[in-house]
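Residue-level listing of the chains:
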Amino acid sequence: MILKGRFTPRRKALLVLVLLALAWLGWGWYSGVAITHGVEKEQMDWDGDGQVSREELFQAFYAVKVKDIEEGNRQCRSFVWRSSGEEFRRDCKTVFKKEAEAK
């Protein structure tokens, strides 16, 4: 077995670190944080200047919330600031479904 002997302080610290990372991922998924909803780096241009800065990348981990909305054939993804609830961008696309899927 891999865990022979005592549970050393190094193993305890690693376990705590892994549990904290899993807890943060669970919270991020539950609260809708952008990084846990499949937002790619190219889409993280929150201020619209054409470049993704390091600050914008970090904001995807804590400050930007994603809401997915589906209205018929139209699928929209709105980006909202978590602190104020203000929507600052909405990306929409139209998806055509096959007849077999519609029935």
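Residue indices begin from 1 for each chain and proceed along its sequence in written order. Only residues with pLDDT of at least 70 get local features here, since the model is predicted, and only at 80 or more are side-chain atom pairs given and counted; chain-wide, interface and lining totals rely on the full set of residues. Heavy atoms from the whole structure form the basis of all side-chain values; hydrogens and water molecules are not counted.

Novice: Could you clarify how one ought to interpret the state of the cysteines in this entry?
Specialist: In protein chemistry, a disulfide is the covalent bond that joins the sulfur atoms of two cysteines. Two cysteine sulfur atoms make up a disulfide if the distance between them is within 2.5 Å. This model, assessed by the stated rule, comprises one disulfide. With a sulfur-sulfur separation of 2.2 Å, Cys76 is cross-linked through a disulfide to Cys92. Here the S-S torsion is close to 110 degrees, and the disulfide linking Cys76 with Cys92 is therefore right-handed. One end of the pair, Cys76, is in strand β2 (residues 74-81); the other, Cys92, is in strand β3 (residues 87-94), and 16 residues separate them in sequence. For helices the rule is a DSSP run of H or I covering at least 4 residues; for strands it is a run of E covering at least 2, with both sets numbered from the N terminus onward.

Novice: Is there a simple way to explain the sheet that holds β3 in this structure?
Specialist: A pair of strands is considered paired only if DSSP assigns at least 2 bridges between the two. Strand order in this open sheet of three strands is β1-β2-β3, and the pairing throughout is antiparallel. The sheet is open, and its two borders are formed by β1 (64-71) and β3, each paired with just one other strand. For this sheet, the mean inter-axis angle between neighbouring strands, taken without regard to orientation, is 20 degrees. In this sheet, β3 lies alongside β2 in antiparallel orientation, the contact comprising seven bridges. For Val80, the partnering residue across the bridge sits in β3 and is Glu87. To obtain an axis, a line is fitted to C-alpha atoms, over the contacting stretch when the element is a helix, and the angle between two such axes runs from 0 to 180 degrees between their N-to-C directions.

Novice: Could you clarify how one ought to interpret helix α1 (residues 9-31) in this entry?
Specialist: Three- or four-residue spacings in an α-helix give side chains the same orientation, since the helix completes a turn every 3.6 residues. Expected span, for any helix, means 1.5 Å times one less than how many residues it has. Here α1 spans 33 Å end to end across 23 residues, near enough to the 33 Å set by a 1.5 Å rise per residue. Phi for Gly32, located one or two positions after α1, is positive at around 90 degrees.

Novice: I tried to follow the confidence of the model for the protein chain on my own but got confused; where do I start?
Specialist: Low pLDDT marks regions whose predicted coordinates should not be analysed in detail. What pLDDT reports is the predictor's confidence in each residue, on a scale of 0 through 100. Of the residues in the protein chain, 92% reach a pLDDT of 70 or more, and the chain-wide mean stands at 88. Here helix α3 (residues 99-102) is the element of the protein chain with the lowest mean pLDDT, 59, and α1 is the one with the highest, 94.

Novice: Please explain the pairing of β2 as it appears in this structure.
Specialist: Across a regular strand the side chains alternate sides, sitting on one face of the sheet and then on the other. As paired elements, β1 and β2 share eight bridges and run antiparallel to each other. Looking across to β2, one finds that Asp68 is bridged to Arg77. Between β1 and β2, which pair antiparallel and follow one another directly, the connecting turn spans two residues, one of which, Gly72, has a positive phi of 65 degrees. Taken together, β2 and the strand that follows it, β3, pair antiparallel across an intervening segment of five residues, in which Gly85 is found at a positive phi of about 80 degrees.

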